[in-house]
Amino acid sequence: MNAKTVVLNGDRMNYDGRLDYSILSSEVKVYGESVPEQILERIQGFDIVVTKEMPVPGDIIRQFPDSVKLICEAGTGFNNVDLNAAREKGITVCNVPSYSTERVAHTAIMMIMNLSSSMRRQMAMLTRNDHTNFTKCMQVDHVEINAKTLGVIGAGHIGREVIKVAQALGMKILAYNYPPMEDEPGIHFTTLEEVLSQSDYVTLHCPLNDQTRHIINRDTLALMKPGAFIVNTARGALIDEAALIEALQEGRIAGAGLDVQETEPPAEDNPLYTMENVILTAHMGWRGLETRQRLVSLLAGNIKNYLEGNPINVVS
């Protein structure tokens, strides 16, 4: 079956020009970026709309032409698409939940290992031409992660991959998940409060929704150990950023690794840029070339299966 597909913000995935969108369907139109005012004009006559972490609000979806049958979120999260409005219009919404599992999990592990070695501080010292780590005793903290406790909030695809690697490194695992899960070999599922209060490292891998927004806030940060670190490679708004900055500045937790931020990119005056107990990266977890190529391939598979009436990962 032929289908016409429009990609509304292709540059978000194909910023280096190395991806081939032509595999998505028989006819594909790609826009580098689209602002909300352009969406309705650009989707006219198309069957399938593809977006990547781009807000598609309900008032716009309710005006979609009848030709649109499928919205593909090119990623794991679908909080940017108004699912209720899509449901009202009879439009199917699907995502690609597992394309970046390993890469994002490895980013979280990278953050944990770098935080354990104060790597951010070490690199900052070199930038200042401070070589005293080489001539005196080590000037920064450097600790083992084996036998330390890792708290995992969200035991989905990525959380499970993090657990697998962390266990190989000899870490103990506490996990919080909703809905609750039973203990498994090497994994103790417990309350959020216990995960936060007992963990040396906490890593976030839950979706962003009304229940999880600011799940890490002043109250929950207060439960963490002063020497604990928090890592977020999921969605920035899982953390109340102002509360986190305050806790970091006051030394109430030891540090943070943030591949996602509440506002992306952060404002130029955001203190997180210059804090030596923070590793800040630009939502890089999904951006590896192999990861992005896999994403486009899985998108094409979703579209093909939808057109042929086969199961896809439907979220609405």
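Just so it is clear, the model here is predicted, and its values are computed rather than measured. (Residues numbered from 1 in each chain as written. Predicted model: local features only at pLDDT ≥ 70, side-chain atom pairs only at ≥ 80, totals over all residues. Heavy atoms only, no water.)

A. Looking closely at the overall build of the protein chain. Looking only at helices and strands, one finds 11 helices and 12 strands in the protein chain. The C-alpha radius of gyration of the protein chain comes to 21 Å, within 12% of the 20 Å expected for a compact globule of 316 residues. Taken along its principal axes, the extent of the C-alpha atoms in the protein chain is 65 × 50 × 35 Å. When burial is assessed residue by residue, the protein chain has 50% of its 316 residues classed as buried. (Helix = DSSP H or I, 4+ residues; strand = E, 2+ residues; numbered from the N terminus. Rg over C-alpha atoms; globule rule 2.2 N^0.38 Å. Buried < 20%, exposed > 50% of the residue type's maximum accessible area, 1.4 Å probe, protein only.)

B. Quick look at unusual backbone geometry. Residue Pro-179 follows Tyr-178 across a cis peptide bond; omega there is 5°. On the secondary structure map, Pro-179 appears in the loop between strand 7 (172-176) and strand 8 (187-189). Each neighbour pair has its own omega, and for Glu-264 with Pro-265 the value is -5°, a cis peptide bond. Locating Pro-265 in the fold gives a position in the loop between strand 11 (255-258) and strand 12 (278-280). Positive phi outside glycine occurs at Asn-129, with the angle close to 60°. For Asn-129, the location among the structural elements is in the loop between helix 5 (119-127) and helix 6 (132-135). Taking the relative accessible area as the measure of exposure, Asn-129 reaches 60% and is therefore exposed. For His-214, which is not a glycine, the phi torsion comes out positive at approximately 60°. Along the polypeptide, His-214 turns up in the loop between strand 9 (201-204) and helix 9 (218-221).

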